[in-house]
Amino acid sequence: MSTTENRVEFSSKLGFILSAAGSAVGLGNIWKFPGKAYACGGGAFLIIYLIIVAVVGTSVMMAEFTIGRKTHKGAVGALRELNNKFAWIGGLGVLTGFIIVCYYCQVGGWAMYYIVAYITDVKTVWADPMAYFLGMLGANGFPVGALVWGFIFMLLTAIIISYGTAGIEKMSTILMPILFLVLVGLMIRSCTLPGADEGLAYMFNVDFSTINGTAILTALGQAFFSLSLGMGVMITYASYLSREDNLVSNTAIVCTLDTLVALFAGFMIIPAVFATGIAPGMGGAFGFATLAGVFMAIPGGQFIGMLFYFLLFFAAITSSTSILEGCVAFLVEEKGFERKKALVGCCVIMEIVGILYVLSQVYMNLKGIWISREGIQFPIFGDFLEYLTDRLLLPLGAFLTTFFVGWIWGPDNSIEEATGGGRNKFALAPAYKFIVKFVDPIAIGAIIVAGMVFGMAIS
Ligand code: PFF
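By convention here, each chain's residues receive numbers from 1 onward along its written sequence. Note on the predicted model: pLDDT of at least 70 is required for a residue's local features to be given, and 80 or more for side-chain atom pairs to be given and counted; whole-chain, interface and lining totals, by contrast, use all residues. As a convention, hydrogens and water are excluded, and side-chain values are obtained from all of the structure's heavy atoms.

Once that is clear, we can look at helix 2 (residues 27-39). Helix and strand definitions here come from DSSP, where helices need a minimum of 4 consecutive H or I residues and strands a minimum of 2 consecutive E residues; each element is numbered from the N-terminal end. How far a helix is expected to stretch is found by multiplying one less than its residue total by 1.5 Å. The terminal C-alpha atoms of helix 2 lie 17 Å apart, and with 13 residues this matches the ideal 18 Å at 1.5 Å per residue to within 8%. Along its length, helix 2 shows its largest kink, about 40 degrees, at F33, and proline P34 lies within four residues downstream of that point. Each residue is assigned to one of three classes by its accessible area relative to the maximum for its type, calculated with a 1.4 Å probe on protein chains only: buried under 20%, partly exposed between the two thresholds, exposed over 50%. Three or more residues of helix 2 are buried, namely L27, G28, N29, I30, W31, K32, F33, P34, G35, K36 and A37. Taken from the residues just after helix 2, G41 is the one with a positive phi, measuring 105 degrees. To get the bend at a given residue, fit one axis to the seven residues ending there, fit another to the seven starting there, and take the angle between those axes.

What follows is about the nonpolar core. Membership of the largest hydrophobic core comes to 162 residues, with the highest contact counts inside it found for W110, Y114, F308 and Y309. For this core, the element with the most residues is helix 5 (residues 87-120), which contributes 21 residues. In contact with Y309, other than residues within four places in its own chain, are A111, Y114, I115, Y118, G287, F288, L291 and F295. Nine residue types can take part in a nonpolar core, namely buried Ala, Val, Leu, Ile, Met, Phe, Trp, Tyr and Cys, and a core is a set of them joined through side-chain atoms within 4.5 Å. Contacts are assigned to residue pairs that have any heavy atoms within 4.5 Å of one another.

Before going further, it helps to spend a moment on the confidence of the model for the protein chain. The predicted model of the protein chain has a mean per-residue pLDDT of 87, with 91% of residues at 70 or higher. Note: pLDDT gives the predictor's confidence per residue, expressed from 0 to 100. Looking over the protein chain, one finds the lowest element-wise mean pLDDT in strand 1 (residues 2-4), namely 42, and the highest in helix 3 (residues 43-71), namely 96. Across residues 373-379, where pLDDT falls below 50, the model places eight contacts with residues more than four positions away in sequence or in other chains.

On to the site of the ligand, then. Being near a molecule or strand, for a residue, means having at least one of its heavy atoms within 4 Å of it. Among the 15 residues in the neighbourhood of the ligand, the closest are listed as A24, G28, Y104, F225 and V233. What qualifies as a polar contact is a pair of N or O atoms within 3.5 Å, subject to a donor-acceptor requirement within protein and to the restriction that residues adjacent in sequence count only when both atoms come from side chains. Backbone polar atom of A24 to a nitrogen atom of the ligand: 2.9 Å apart, as the coordinates give it. Here an oxygen atom of the ligand sits 3.3 Å away from a polar atom, N or O, in the side chain of N29. Of all the elements in the fold, those that place two or more residues in the shell around the ligand are helix 1 (13-24), helix 2, helix 11 (213-226) and helix 16 (301-335). Residues of the shell around the ligand, tallied by class, amount to seven nonpolar, eight polar and no charged. When residues are grouped by polarity, Ala, Val, Leu, Ile, Met, Phe, Trp, Tyr, Cys and Pro land in nonpolar, Asp, Glu, Lys and Arg in charged, and all others, Gly among them, in polar.

Below is the structure:
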């Protein structure tokens, strides 16, 4: 990005696409998506997810892009400029982002932990991948390593934010394509492991009886999380674009890239689950323990494993910086904080919550400090944070954004902005108008209500 007058702009079209894709492609695609696809029925979940991205995801992204580019302001300022009664919608998004970064940085730290493990101690990782993963989280004692790496990841995120995002844009240009290639390579290897065909059958077997309210809500929350929607980040990114940029093609490209990465990750991990027999629940072990089975089975697996975790780390940091920047910009622009103080204050609180997140995974349960109770479906703090953001706050943020565009600002204004005043083609404009006005608010609203009524009990 470069600065013109007092507004920062992306240095190239590709820079924006890669930065927006960098925010979208992250732990959500590689760490969360495969676990959810596995737990929610494989093929049927994939279809529901694709429909949600194609209809709801693209329209909410378009709504956010047009709000941002129209006003050239961050989330809160943008909504205030369009209608000052609705600035709080942006504020809600900032709060959601704040909660996400707390745990996001810790999981980013696990990726760093694994980079080191693959370099120095790969034999132990491969001897019992699940035990190694649980050991990292405190099965054998206080999880010092996980906490130290979580802290380092948080610190790196903060340092990058303190220097601005120019470096991230450059790094994205090089590393995102490598990430893509490595994922494709690993996916092919995973799908050809002995025993992987059962996993492929699972992914291609479309059995809609596996789809219930939870699966739909999970797909919806996952889509918003994965596309970085519902919390104003895409509003802020688009505020750096000029009128020349084509928002229609940008929306299509970012949504397609993000979804492809999620699908590649799904087809990389789920066949490996069947081939290796390492099938933890919906939890976080997928990208860590399960994949060991793939790395063990490839020549040069140690190096490729290390490369994979490096890319996972990179995907995570381009996302964590985008969220943290949203929180800091809010405190500076809206609350008058000095930038440095806002950054340090945010990081301290995020780190404290993050430590609790890590300890609640395994350690506290083992020590009996945090006892999971029957009947309550978020026994651990981490599940609760994810429940709050993915199932409630992100869908709520997206609901309010589409409601705002559909009924307050007006879809015609959004379409005018999307086409740059008629310069760019937007063949699906009538469909967008209908979706943003009716389909999105009704569908997202209904799913949120269903989630609140049944959500906790049926997860
Ligand atoms: N989209 C990111 C991922 O899939 O990991 C996470 C994320 C980034 C969520 C930015 C929200 C956000 F605003």
